[in-house]
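Working through the structure, step by step
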Amino acid sequence: MMNGPDSQRENSISRRGFVAGAAAGLASLKIAGPLWARTNPELRAGKFGALDASTPGGIDLYIEKQEVRVDEKIGQAITINGGFPGPVIRMKEGDDALIRVHNRMHESTSIHWHGILLPFTMDGVPGISFRGIAPGETFTYRFKVRQNGTYWYHSHTGMQEQLGHYGQLIIEPAQPDPVAYDVEHTIVLSDWTFEDPHTAMKKLKTIEGYYNFQRPTLANLSAQVEATGESLGEVISKRLQWNWMRMDPTDIADITGATFTYLLNGRSAAQNPTFFARPGQKVRFRITNASTMTYYDFRVEGLPLTVVQADGQNVEPVEVDELRVAVAETYDVLVTMPDEKAYTIFAETMDRSGFARGTLAPRPGMSAAIPARRHRPMLTMADMGMMHGAMEGMDEGDETKDMESSHGAHAMNGEHKMDDKPSTSVTYPPHDERRVAPIKERKPLPIQNLPEMVQHGPDEHGAASIAMAMHAYRRFDEPGIGLGKDGRRVLTYGQLKALQTPPDRRPPTREINLHLTGNMHKYIWGFNGKKWSESKMIRFKFGERLRINFINDTMMSHPIHLHGMWMDLYVGHDYAKNPRKHTVNVNPAELLTVDISADAPGQWAFHCHLLYHMEAGMFRTVAVVRDLSGEPIDAKS
Ligand SMILES: [Cu+2]
C-alpha cells in the first residue's frame, strides 16, 4: 500500500509551480529510514524497511494519520511513509530534487524544506508559498539543490509538527567533504504529547504557566536556599521582586515534561536507541532539534564533542563538552569512540523537566548510566533586561562605548513599567544605551525603518506586548541559561566561525529593528507588539544587503527562522567569519544582529520556531520585491 503508484492527479498549482530549468533531469534522491531503523532488525521488518533503496525518478512521501506507540502508550501521529520521524531524505548538491508528497489524510498538509534555498513556490508554506496540499492530492516539489549539509523538513500546516510530521534532510557536498569521519548517525530530537496540540494551546491561553509545575512554593524555599547558597532573606526578597512583576523565574519553557515525552529519533529515554561505533572510529552525529517547544542541551557523557557544522554550514572545528540546540537548529559534531564501553547520549531539556537519551556503543545490548539531572535554572533579573551592571561577564568600558546614535536603543523608561509595581521598592537602573550601540566595524547606516516598524516608545506596544526588558545586551559569548557552571565547556555562538567566507559579505545599507514581544498572561506573541493578523509584510528590496537587530523584550528564548535566505549572524569577530544560519536563538533581553542578502524574490515566512508562539502570532511575511514602494506581490500568481 505504501509504495504503490498514486492514482491521484497532481493538482494544478503544482504544475504551475514548476520552475523552468528545474524540470529537466531526474533527481538523484536516495531515501532511507532513520539509521536506527536500518540497523534494528525488528524495525527493519516493519515500517521503514521498504524505503532503503535509492529511487530513480524522484521519491514519494505518503502523509497519513496513524496510531503509533510512544513510550508504550498509543497515540495518534502524523506519519510519513509509515513512521515518525519521517525518513531521512538524501540529496546531492548540484542535482535536481524531485519529491512527490501524497496527502492521505482528511485534512490539508504541507512540507517545508527548512533551511533550503529554493524558489519560493517550492517552500511549502500554505498561504504564502502555495495553497497547501488538499486531502487526497499530490504536490510535486522540484528544485535545484544549491547547498550541502544537514537540514530537516516539517509540516507548516496548523500544528501538525507536534504530531510527528518532520524528518531529516542531508545534502552531500559536490566538492570533497572537509569533515572526515568513519561512521555517520542521524539524531532527531523532538517532543511528543498525547494531548491534542489545540487543547494544549487552549490551556496556555486560559491559564498562564499551565505546564509550569516547577514554580517556587513556600515548601521549596529551603531547597532554593540550598541550591543558590543565598540567605533565606535574599531568596524571599528575590521572590517578592518576581511577584511584584507578576513573573515567574522558572518560566523557562511554556510546555514542559508535565505533558511532553522527550524523544530521540522518535523513541523515548526508556526505549534507548543505540548507535554503533568501534573503538577508534570517528562518529559524525547529525543533530536536528525538531521539537515544537523544547530546547535541548546535548552531550555524550564523558566524551568531548567537536562541532563542525551549524545549520548545515561548515564551521571551524571547536571542541566542547556540551551544546544547546535551539528549536529548529541543526549541528554536526564529531566524537571519537575511545574504547569498548557504552556512552550515554544525553539531551537534557533546558528547563530540566526531562531528557531524551540514546546510547553510543560498540555492540548491541550495552548501556551506560544515565547522568544525574541538573538543577532547573532560574531566570535572573538580567534575563529581564535589568541589573545588567551586575551581570557576570559583562565588560563595562568595552568598545561599545563609542555609541553613535540612539537608534536601536531600548527606550523603556520611567513611564513604561509593569503593572502593580510597588512605588517604593524596585529601583530601575539609569537608562544605558551602550548595550545597544552599533557594532564597531561599520560607519553609521541610514536608518529607513519600514512603515510598520514602530519606535519602541511607552505607548507603542500593541496587545502582543507587555513591558519587559529595559536593556538589551549582546550575549553571544554567554553559555546560556543554566549552563556553564559545572565545568563543562559549552558551545557559544561567539565560537562559531564560518569555515569558508560565504560569497556575499557586503556591508548592509539598511537596518531594521525588530523587537520580540509577548504577553504571557494572554499568551499572545508577536514582533514589535503586533501579532501576525495585525501586521503588514516586511519588505526587503531584491538585491539589497540589510541588517536586522533582534531585541528580545521577553524573558523567554525565541528561535527566529527566516525562509529562503541566510542570516549572517554577528558574533563579534572578523566579519568574514560570521556564521550563516537559518535559525538564530535570541536569549532573553538579548540584542542580536544578523545581515541578510535579499537574493530570493518572492514571499517568505519569518517567524519564531516555537510552534505555539508562531501560532499565537510571532510570525511575519517577508516580501522580497524589486521596488519597496510597490504593491505586495501575490503568492498565487
Ligand atoms: Cu517565540
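Residues numbered from 1 in each chain as written. Predicted model: local features only at pLDDT ≥ 70, side-chain atom pairs only at ≥ 80, totals over all residues. Heavy atoms only, no water.

Observations regarding the overall build of the protein chain
For clarity, the threshold we go by: Only runs of H or I of at least four residues qualify as helices and only runs of E of at least two qualify as strands under DSSP, and these elements are numbered from the N terminus. Only protein chains enter the calculation, and the probe is 1.4 Å; a residue is then buried if its accessible area is under 20% of its type maximum, exposed if over 50%, and partly exposed in between. Here a residue-residue contact requires only that any non-hydrogen atoms of the pair lie within 4.5 Å. Note that accessible areas follow from Shrake-Rupley with a 1.4 Å probe, and for residues the cover is restricted to the protein chains shown.
For the protein chain, the count of helices and strands is seven helices and 31 strands. A buried classification covers 61% of the 637 residues belonging to the protein chain. Looking at the protein chain alone, contacts between residues at least 24 apart form 79% of all its contacts between residues at least 6 apart. Of the roughly 24,000 Å² of accessible surface on the protein chain, a fraction of 52% belongs to carbon and sulfur atoms.

Points about the coordination of the copper ion
Note the cut-off: Coordinating N, O and S atoms are those within 2.8 Å of the metal (3.2 Å for Na, K and Ca), and as water is not part of the atoms, a site may appear to have fewer donors than expected.
At this site the copper ion is bound by His558 (ND1), Cys608 (SG) and His613 (ND1), with donor distances of 2.0 to 2.2 Å. Ordering the donors of the copper ion by residue number gives the pattern H-x49-C-x4-H. Within this pair, whereas histidine 558 is found in strand 25 (residues 558-562), its partner histidine 613 is found in helix 7 (residues 611-615), the two being separated by 55 residues in sequence.

Observations regarding unusual backbone geometry
Note the cis peptide between phenylalanine 84 and proline 85, where omega equals -5 degrees. Relative to the helices and strands, proline 85 is located in the loop between strand 3 (73-80) and strand 4 (88-92). Although it is not a glycine, glutamate 72 sits at a positive phi angle of roughly 70 degrees. Looking at where glutamate 72 falls in the secondary structure, it is placed in the loop between strand 2 (59-70) and strand 3. Phi at aspartate 311 is positive, roughly 50 degrees, even though this residue is not glycine. With respect to the secondary-structure elements, aspartate 311 resides in the loop between strand 15 (305-310) and strand 16 (313-320). Taking relative accessible area as the criterion, aspartate 311 reaches 0% and is therefore assigned buried.

Some points on the pattern of salt bridges
Cut-off, in case you're wondering: The rule for a salt bridge is simple: a side-chain nitrogen of Lys or Arg has to be within 4 Å of a carboxyl oxygen of Asp or Glu.
All chains considered together, the criterion is met by 35 salt bridges. For glutamate 72, the salt bridge goes to arginine 69, with nearest N and O atoms at 3.8 Å. Its relative accessible area of 55% is what places glutamate 72 among the exposed residues. Of the charged contacts, one joins arginine 374 and aspartate 486 as a salt bridge, the two residues approaching to 3.1 Å between their closest N and O atoms. A residue pair is termed long-range when its members are at least 10 positions apart, and arginine 374 in the loop between strand 20 (355-361) and strand 21 (510-519) and aspartate 486 in the loop between strand 20 and strand 21 qualify at 112 residues.

Brief notes about the sheet that holds strand 27 (residues 580-581)
We apply this condition: Strands were regarded as paired on the criterion that DSSP finds at least two bridges between them.
What the six strands build is an open sheet, ordered 22-21-24-29-26-27; its pairing is mixed. Unpaired on one side and paired on the other, strand 22 (524-527) and strand 27 mark the two borders of the sheet. By the bridge criterion, four bridges tie strand 21 to strand 22 in an arrangement that is antiparallel. If you follow glycine 518 over to strand 22, its bridge partner there is tryptophan 525.

Observations concerning the sheet that holds strand 16
In plain terms, the rule: Inter-axis angles, ranging from 0 to 180 degrees, are taken between N-to-C directions of lines fitted to C-alpha atoms, where helices are fitted over the stretch in contact.
Spatially, the six strands line up as an open sheet ordered 11-10-13-18-15-16, and their pairing is mixed. Among the strands making up the open sheet, the edge pair consists of strand 11 (260-264) and strand 16. When the angles between neighbouring strand axes are averaged without regard to direction, this sheet yields 20 degrees. Note that strand 13 (residues 282-289) and strand 18 (residues 330-336) share seven bridges and pair antiparallel. Residue pairing for strand 18: isoleucine 287 is matched across the bridge by tyrosine 331.

So, the confidence of the model for the protein chain
Let me state the cut-off plainly: What pLDDT expresses is the predictor's confidence in each residue, scored from 0 to 100.
Mean pLDDT over the protein chain stands at 77; residues scoring 70 or higher make up 70%. With pLDDT under 50 throughout, residues 1-54 is counted as low confidence; its partners more than four residues away or in other chains account for 118 contacts. Below a pLDDT of 50 lies the segment residues 387-461, which in the model reaches 154 contacts outside its immediate sequence neighbourhood of four places, other chains included.

Re the side chain of serine 110
For the record, the criterion: Residues adjacent in sequence count toward polar contacts only when both atoms are side-chain atoms; beyond that, a polar contact is any pair of N or O atoms within 3.5 Å, and within protein one must be able to donate a hydrogen and the other to accept it.
Tracing the backbone through its elements, the reader meets serine 110 in the loop between strand 5 (96-103) and strand 6 (112-114). Among the polar contacts listed, one links the side chain of serine 110 to the backbone nitrogen of histidine 156, at a separation of 2.9 Å. Reaching out from serine 110, the side chain makes a polar contact with the side chain of threonine 157 at a distance of 2.7 Å. If we skip the residues at most four places from it in the chain, serine 110 touches Gly124, Pro126, Phe130, Ile133, Tyr141, His154, Ser155, His156, Thr157, Gln160 and His165.

Notes on the side chain of asparagine 103
With respect to the secondary-structure elements, asparagine 103 resides in strand 5. Relative accessible area serves as the criterion here: at 2%, asparagine 103 is assigned to the buried category. A polar contact of 2.9 Å, which involves the side chain of asparagine 103, links it to the backbone nitrogen of methionine 105.

Comments concerning the nonpolar core
Our working definition: Joining through side-chain atoms within 4.5 Å is the link that ties buried Ala, Val, Leu, Ile, Met, Phe, Trp, Tyr and Cys residues into a set, and such a set is a nonpolar core.
Residues Trp113, Tyr141, Phe285, Phe298, Leu360, Phe540 and Phe550 are the most contacted members of the largest nonpolar core, which totals 133 residues. For this core, the leading source of residues is strand 2, giving five residues.

Quick word on the pairing of strand 7 (residues 138-144)
For strand 7, a buried count of six out of seven residues is recorded, marking the element as mostly surrounded by other parts of the structure. Sheet topology places strand 5 next to strand 7; seven bridges connect them, and they run antiparallel. The residue of strand 7 that forms the bridge with arginine 100 is threonine 140.

A look at the packing of aromatic side chains
As a reminder of what qualifies: What counts as a ring pair is set by centres within 6.5 Å for rings of Phe, Tyr and Trp (its six-membered ring), and what kind of pair is set by the plane angle: stacked under 30 degrees, edge-to-face over 60, tilted for all other angles. Charges are assigned to positions over rings by a cutoff of 6 Å between ring centre and Lys NZ or Arg CZ, combined with an angular limit of 35 degrees from the ring normal.
The full count for this structure, using the stated rule, is 19 aromatic pairs. Seen from their ring centres, phenylalanine 260 and tyrosine 262 are 6.0 Å apart, and the 70 degrees between their planes marks the pair as edge-to-face. Relative accessible area serves as the criterion here: at 5%, tyrosine 262 is assigned to the buried category. Taking NZ or CZ as reference, lysine 73 lies 4.3 Å from the ring centre of phenylalanine 194, over its face.

Some details on the pairing of strand 11
Burial of strand 11 is extensive: five of the five residues sit out of reach of the surface. Burial of the side chains of strand 11 extends over both faces: Phe260, Tyr262 and Leu264 are buried on one face and Thr261 and Leu263 on the other. By the bridge criterion, five bridges tie strand 10 (residues 183-193) to strand 11 in an arrangement that is antiparallel. Following the sheet pairing, serine 190 is matched in strand 11 by leucine 263.

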